[in-house]
Amino acid sequence: MSMETALLATLFLPLAGMVLIWLTGNSPNLREGVTLVTAVALFAIVLSLLDAVMAGASPGLTLLEVMPGLELAFKIEPLGMLFACIASGLWIINSLYSIGYMRGNGEKKQTRFYMCFTLAISSAMGIAFAGNMFTLFIFYEVLTLSTYPLVAHKETEEAKRGARIYLGILIGTSIGLQLAAVIWTWIAAGTLDFTKGGILADQIEPVLLPFLLALYMFGIGKAALMPFHRWLPAAMVAPTPVSALLHAVAVVKAGVFTVLKVVVYIFGIDLLAQTGAAHWLIWVASFTVLAASLVAMTKDNLKARLAYSTISQLGYIVLGAALANHYAILGGALHIATHAFGKITLFMCAGAIYVATHKTEISDMQGLGRVMPFTFGAFCIGALSIIGLPPFAGTWSKWYLALGAAETGMIVVVAVYMVSSLLNIAYLMPIVARGFFRPSPALATASAGAAVAPAKGGIQEAPFFCVLPPCLTAAGCLVLFFYADAIIALLRPIVE
Amino acid sequence: MMAVDHLPVLQVVGPLIAAPICSLLRARNLAWFFTLLVSIGAFLCSIYLLNTVLETGPISYAIGGWAAPLGIEYRVDASNGFVLLIISGISSVVLPFAKRSFELEVPENQHSLLYTAYILCLTGLLGITATADAFNVFVFLEVSSLSTYVLVAAGAKQDRRALTAAYNYLILGTIGATFFVIGVGLLYMATGTLNMADLAARVGPIGGSRTLDVGFAFIVIGLALKLALFPLHNWLPNAYTYAPSAVTAFLAATATKAAVYLLLRFCFTIFGSGSGFLAPMVGLVCMPLALAGMFAGSLAAIYQYNLKRMLAYSSVAQIGYMVLGISFLSITGLMATTLHLFNHALMKGALFMALGCVFFRVRSVNINDLSGIARQMPWTMAAFVISGLSLIGVPLTVGFISKWYLISAALEQEAWVLIALILASSLLAVIYIWRVIEVAYLKDPIPGRTVTEAPLSMLLPTWALVIANIYFGVDASLTTRVARMAAEGLVGMAQ
Amino acid sequence: MLELFLDKYNYWIVVVLMMIGLYIVIARGNLVKKIVGLNVFQTSVFMFYISLGKAEGGTAPILTGKPELFSNPLPHVLILTAIVVGIATTALGLALVVRIRESYDTIEEDELEGMDNAVVTTERARLGTGDAA
């Protein structure tokens with residue numbers, strides 16, 4: 001298979017899978033078999049591209065010309081390769097998890113669920129391999145629309161309200177701001193191709209650069225930069241596999257991935273560094289990092305707390321992009337990978353707890369760690385990785401980000417990274433502590449809300465398919481710590 | 001002269017002769033089939049014409065062999081060739097749909113007469129577009145308008161409000177047409193000619209004559225009534241709401257388009273080089289009204305419970321986009337308008353036809369009656385969703401192409417406020433389309449209602465337009481090429 | 001001032017007729033009277049075209065010898081068409097009025113609007129969409 005064919009296959013394979021899922025909708029086993037096979041095949045194809053890209057190849061192709069000069073074109077470069085690997089790799093694990101979760105909860109309309117999921121993955125691949133901003137924008141919108149039915153999945157009033165906010169903010173920012181930015185770039189530079197070093201140098205008055213950057217940064221609503229972050233907590237009404245893969249990995253990472261793409265390939269790091277056009281963004285991103293961490297501490301609902309934590313962590317990456325130097329960009333890109341593993345673990349644990357006990361509030365989870373040791377063990381590892389403690393993956397990305405901040409000489413930014421790490425500890429560790437060290441209320445008084453009160457003593461884990469995936473990703477956090485070099489080696493060409 | 005050379009006029013005269021024949025056909029199926037043949041004939045004609053125009057340049061035809069300034073000239077260039085294609089194409093797609101729709105919504109004994117009115121309306125619209133004679137425009141304008149009033153009133157079996165809607169449309173439409181003819185009279189007074197090319201040539205040297213300016217103002221206001229520019233849109237929501245579904249689909253996709261084309265013609269071909277009156281007229285009058293229409297139409301659409309009415313108000317907003325494109329007075333702006341003529345015809349046609357399918361089964365287009373309908377009519381609602389996304393302007397649909405060019409036109413002039421307004425108003429479309437999607441997909445079906453998918457004869461035409469929505473959204477090279485030629489032709493003739 | 005009035009008296013008549021016609025269309029509630037107003041309005045335009053083509057002391061342009069001065073026939077021909085259009089409009093309008101009278105039992109605009117609004121109110125009540133104005 002030539003690389004071009006493989007590239008196309010990454011887009012069309014999930015689509016083919018979607019059709020098959022539709023056709024096999026009446027037989028759940030077959031349907032979920034198709035999902036898994038598609039996921040594995042997709043990952044295999046993505047991996048088959050990896051070696052060549054590591055060696056410096058960047059295959060590309062043009063599918064068709066939509067408007068004169070504006071093409072639907074794809075091109076593989078290291079950043080996209082990384083994003084594609086993460087999204088497709090974690091999709092396998094998440095598919096296993098979906099099966100356990102959706103069956104464990106007896107959710108309805110599962111065929112629609114799996115179809116939209118594959119469509120979302122296909123558009124994530126489109127985003128990863130987009131060769132120009134135009135193509136990226138198209139798939140960005142498809143991703144928004146394909147995830148809407150997933151957020152509204154429960155069809156309750158609450159789900160509908162959440163989905164409305166989700167769609168409203170994401171479509172609103174992308175059409176209201178990002179589209180304007182894209183067209184502006186097109187008119188100014190005459191091209192939208194992702195080019196090393198950027199396409200905007202000398203094409204636009206330096207005074208206007210910060211405004212264009214603002215249109216992009218706020219227009220990429222998926223990066224959840226404050227004040228356009230509200231959609232992420234709202235999206236938590238979705239079933240947990242959706243929150244885990246999409247709202248911790250594919251969708252939000254598509255956002256920050258787009259931010260990095262814009263900074264590196266549209267503006268160019270040098271241009272931003274010279275003109276200081278991104279200076280304002282440092283403050284907005286810092287504010288997002290800290291404010292979201294503080295809000296996370298006030299949330300008792302586990303998924304809501306994780307959502308705010310995600311907003312804060314996305315802020316890290318945007319902050320890295322805003323610093324616009326080699327270390328910070330590398331750190332930001334690396335953080336896409338490390339945070340993905342950490343956060344998906346946390347979400348899958350939250351889902352496992354929900355399947356086993358139907359508990360969503362942190363204050364109800366006392367003593368659960370003893371009943372669900374594997375789940376809480378995985379949660380603990382995920383949390384440590386997010387905090388950035390060795391020997392877990394999050395260490396490296398924070399290291400590079402802090403290095404980047406130090407290089408610009410802005411001690412305040414270094415402080416932001418450090419303070420927020422402390423805040424991470426403050427809002428994540430109590431959950432673990434509560435689970436392991438507090439006595440279970442079931443032993444003292446009967447808890448009123450719990451549908452399935454854990455039996456005294458023995459281990460009462462969620463179904464196997466709900467517990468295995470978080471353990472796998474937690475192991476991933478550990479493995480990534482030792483193989484971060486490989487990722488850095490992959491990424492290095494984008495800044496050199 | 002070969003028969004092919006007569007095509008510019010056959011395109012119009014063919015349906016004109018066919019109309020009385022149709023009224024003699026008593027069997028309704030026969031009448032329908034005859035109408036379909038006529039429409040497809042016109043469609044094939046227009047394809048051939050546009051193709052020829054693209055290859056060899058504008059075609060001129062002198063009726064009865066009387067040469068241009070004296071006789072009536074029919075002239076097809078890229079811009080009106082494109083509009084001819086839109087009108088006859090939409091008509092040919094709507095007709096297969098119309099058969100079942102009329103059977104339900106119109107009394108049986110009126111069918112052949114209704115098809116006659118339909119053909120006449122088609123004649124009128126094609127005539128408006130093809131002719132190069134200002135007074136001839138008025139005649140065809142009235143042919144199409146009079147038959148439209150009849151078509152709208154045919155909805156009376158379903159809802160008697162169709163009658164008052166048709167009456168109000170008649171009053172306002174006649175005032176609009178009369179304003180137009182006053183303007184043409186003043187033009188004739190100042191220049192002594194009615195041929196458009198001749199007018200253009202003579203308007204330039206006269207320059208700032210007050211007679212010309214007043215004539216131009218009368219024409220713009222008359223046309224603004226016809227194309228339902230805010231605040232002269234009052235006839236439109238009722239007419240679209242109470243007309244039979246197929247009629248609404250046809251009118252929404254074509255009638256206002258012909259009027260927009262006329263506005264383009266008069267603004268650029270005739271007055272483009274003339275008095276310095278064009279810029280203030282378009283910039284100070286049309287642009288603010290277009291903007292107001294974009295917002296007023298979209299906001300009103302959000303509050304409608306009758307979905308046909310909702311889409312009708314949305315049309316008012318979309319017409320705002322077209323007029324806004326004109327008011328930029330640039331090639332890109334004209335391209336945006338021309339593209340949106342075509343694209344809006346595709347999306348509104350598809351949306352109204354999808355609603356027609358719903359009405360055919362549910363007998364209502366009120367939003368609450370559509371609760372959970374997507375489960376019972378999945379294909380119909382999928383068509384609605386896709387064309388709705390196109391209306392919003394989501395990438396890979398035609399709506400996106402229009403929006404791209406409109407914003408480009410605004411960016412070229414660095415009109416930042418306008419860009420913000422365009423984007424903000426287009427987001428309003430998300431709200432009213434999504435209201436429908438939520439009700440149709442996320443609510444439970446009304447208990448006890450057993451509704452099945454619409455018949456294929458209605459579904460296929462709807463999907464034909466939906467697929468066109470996607471096709472021309474993914475590959476817009478053809479439409480943008482034609483639009484560029486049209487825009488350059490309109491401006492070029494003026495210079 | 002007086003000269004301006006007298007010289008262009010045809011235009012003044014046209015303008016006055018036009019305003020009277022439009023006023024009737026707008027101000028009268030009776031549907032038949034509205035159509036009468038519309039007719040007056042259109043007639044003013046006919047007069048406008050006809051006086052446009054008329055030359056003082058000119059004859060009809062008929063090929064008998066060589067008349068020195070003749071009126072421009074084109075506006076007159078045009079207005080023949082317009083008159084036909086006007087008649088068609090009037091006929092159709094009146095036909096609609098008949099149909100309206102048959103189904104509403106009135107041709108007064110206020111009463112018609114009242115009836116239609118009542119329908120809208122009941123529809124809204126049935127659908128429970130009171131939020132819309």
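Note: the structure precedes this text.
Throughout what follows, the structure given in this document is the object of discussion. (Residues numbered from 1 in each chain as written. Chains lettered and ligands numbered in written order. Predicted model: local features only at pLDDT ≥ 70, side-chain atom pairs only at ≥ 80, totals over all residues. Heavy atoms only, no water.)

## Digging into the interface of chain A and chain B
Using the following cut-off: Residue contacts follow a heavy-atom distance rule, with two residues in contact if any of their heavy atoms lie within 4.5 Å. Each of two parts loses accessible area, computed with a 1.4 Å probe, when they are put together; buried area is these two losses added. Any Lys or Arg side-chain nitrogen located within 4 Å of an Asp or Glu carboxyl oxygen qualifies as a salt bridge. Definition of a polar contact: a pair of N or O atoms within 3.5 Å, with one able to donate and the other able to accept a hydrogen when the atoms are protein atoms, and with sequence-neighbouring residues admitted only if both atoms are side-chain atoms. To qualify as a helix, a DSSP run of H or I must reach at least 4 residues; to qualify as a strand, a run of E must reach at least 2; elements of each kind are numbered from the N terminus. Under the scheme applied, nonpolar residues are Ala, Val, Leu, Ile, Met, Phe, Trp, Tyr, Cys and Pro; charged residues are Asp, Glu, Lys and Arg; polar residues are all the others, including Gly.
At the junction of the two partners, chain A supplies 31 residues and chain B supplies 33 residues. Considering only the side of chain A, the residues that lose the most area to chain B are M67, I175 and I183 of chain A, jointly responsible for 19% of the buried surface there. Taken together, the links from chain A to chain B amount to two salt bridges. Between E438 of chain B and R164 of chain A there is a salt bridge, with the nearest N and O atoms lying 2.7 Å from each other. Here chain A and chain B share four residue pairs in polar contact (both at pLDDT 80 or more) between them. For the side of chain A that touches chain B, the secondary structure elements donating two or more residues are strand 1 (60–67), helix 5 (133–151) and helix 6 (157–189) of chain A. Class assignment for the residues of the side of chain A that touches chain B results in 22 nonpolar, two polar and seven charged.

## Some points on the interface of chain C and chain B
In this complex, chain C contributes 44 residues to the contact, which on the side of chain B involves 36 residues. Both sides of the chain C and chain B interface together cover about 3,600 Å² of buried area, and 73% of this is carbon and sulfur. Applying the counting rule to chain C against chain B returns zero salt bridges. Here chain C is connected to chain B by six residue pairs in polar contact (both at pLDDT 80 or more). At the level of secondary structure, the elements contributing two or more residues to the side of chain C that touches chain B comprise helix 2 (9–27), helix 3 (31–53), helix 4 (73–104) and helix 5 (109–127) of chain C.

## Looking at the packing of helix 6 (residues 161–191) of chain B against helix 9 (residues 235–242) of chain B
Helix-helix packing is described using two parameters, namely the angle between the two axes and the distance between the axes. Residues and elements named next belong to chain B. How we decide: Angles run from 0 to 180 degrees between N-to-C directions of axes, and those axes are lines fitted to C-alpha atoms, restricted for helices to the stretch in contact. Oblique is the label for every angle not falling under 35 degrees (roughly parallel), over 145 degrees (roughly antiparallel), or within 65 to 115 degrees (roughly perpendicular). When the near helix sits turned anticlockwise from the far one by under a right angle, the crossing is termed left-handed; a clockwise turn instead gives a right-handed crossing.
Orientation of helix 6 relative to helix 9, taken along the N-to-C sense of each, is 140°, at an axis distance of 9 Å. Comparing their axes, helix 9 and helix 6 come out oblique. Regarding helix 6 and helix 9, the two cross each other, and that crossing is left-handed. Contact residues: helix 6 offers R161, A162, A165, Y169 and L172, while helix 9 offers W235, N238, A239 and Y242.

## Details of the pattern of salt bridges
Basically, it comes down to this: When accessible area is computed with a 1.4 Å probe and restricted to protein chains, residues below 20% of their type maximum are described as buried, those above 50% as exposed, and intermediate ones as partly exposed.
Counted according to the given criterion, the structure contains 16 salt bridges over all chains. Taking the shortest distance from any N to any O, the salt bridge between E157 of chain A and K160 of chain A comes out at 3.4 Å. Within this pair, E157 of chain A and its partner K160 of chain A are both found in helix 6, separated by three residues, close to a single helical turn. Judged by relative accessible area, K160 of chain A falls into the buried class, the value being 5%. Across the pair R484 of chain B and E488 of chain B runs a salt bridge whose closest N-O atoms are separated by 3.8 Å. Taken together, the positions of R484 of chain B and E488 of chain B, both in helix 19 (residues 477–494) and four residues apart, correspond to about one turn of that helix. The class of R484 of chain B is partly exposed, set by a relative accessible area of 39%. For E488 of chain B, a relative accessible area of 40% puts it in the partly exposed group. A network of salt bridges, in which partner residues are shared, links K109, R112 and E155 of chain A together with R375 and D444 of chain B.

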